[in-house]
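# Summary of structural features
Now for the letters of each chain:
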Amino acid sequence: AEANLELLSDEERVEHLLERSGGRMKQAAIVKETGWSNAKVSQLLSAMDEADRIEKLRIGRENLISLPGEGIGEIDSDRGEP
């Protein structure tokens, strides 16, 4: 059952997206999926990070966003990404 995204808060929408993509996403993908501005997403993610609702990991020029406890350390081993 797909949640009615209209009824979710912005934070819940981000959490929903993360859950759907296995617990982690690049920040750019969140921007694309939500259609929100990069500035809005950036602000929202910072607030969520402060509240420990997500974890932000900087990789090169990108931010990788994950749900807490997703074991960010094994990011390369299980994704097959360079």
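In this numbering scheme, every chain counts its residues from 1 along its sequence in written order. With the structure being a predicted model, the display of local features is reserved for residues of pLDDT at least 70 and the display and counting of side-chain atom pairs for 80 or more, all residues being used for whole-chain, interface and lining totals. Excluded from the side-chain calculations are hydrogens and water; all other atoms, namely the structure's heavy atoms, are used.

As a further point, take the sheet that holds strand E3 (residues 62–66). Strand pairing follows a simple DSSP-based rule, namely that at least 2 bridges must link the two strands. Secondary structure elements are taken from DSSP: a helix is a run of H or I of four residues or more, a strand is a run of E of two residues or more, and numbering for both begins at the N terminus. Spatially, E1-E3-E2 is the arrangement adopted by the 3 strands of the open sheet, whose pairing is antiparallel. The open sheet has two edge strands, strand E1 (24–26) and strand E2 (55–59), and neither has a second partner. Averaged over all pairs of adjacent strands, the angle between strand axes in this sheet comes to 25°, irrespective of strand direction. For E1 and E3, the ladder comprises 3 bridges, and the chain directions are antiparallel. By the bridge assignment for E3, methionine 25 is matched with isoleucine 65. Note on definitions: angles span 0 to 180 degrees between N-to-C directions of axes, and those axes are lines fitted to C-alpha atoms, for helices only across the stretch in contact.

What follows deals with the environment of serine 46. Positionally, serine 46 belongs in helix H3 (residues 38–50). Each C-alpha atom of the pair serine 46 and lysine 56 lies 8.1 Å from the other, and the pair is 10 residues apart in sequence.

Turning our attention to the pairing of E2. Where E2 lies against E3, 5 bridges are found, and the strand directions are antiparallel. Each bridged residue has a counterpart across the sheet, and for lysine 56 the counterpart in E3 is isoleucine 65. Hairpin connection, E2 to E3: the antiparallel pair is bridged by 2 residues, and glycine 60 has positive phi, about 60°.

The next subject is the pattern of salt bridges. Any Lys or Arg side-chain nitrogen located within 4 Å of an Asp or Glu carboxyl oxygen qualifies as a salt bridge. Under the criterion given, the structure shown has 4 salt bridges. As a salt-bridge pair, arginine 20 and glutamate 33 come within 3.2 Å of each other at their nearest N and O atoms. With a gap of 13 residues between them, arginine 20 in helix H1 (residues 10–20) and glutamate 33 in helix H2 (residues 27–34) connect regions that are remote in the sequence. Relative accessible area decides the class of each residue, using a 1.4 Å probe on protein chains only: under 20% of the type maximum gives buried, over 50% gives exposed, and in between gives partly exposed. Residue arginine 20 is classed as partly exposed on the basis of its relative accessible area of 48%. With a relative accessible area of 46%, glutamate 33 lands in the partly exposed category.

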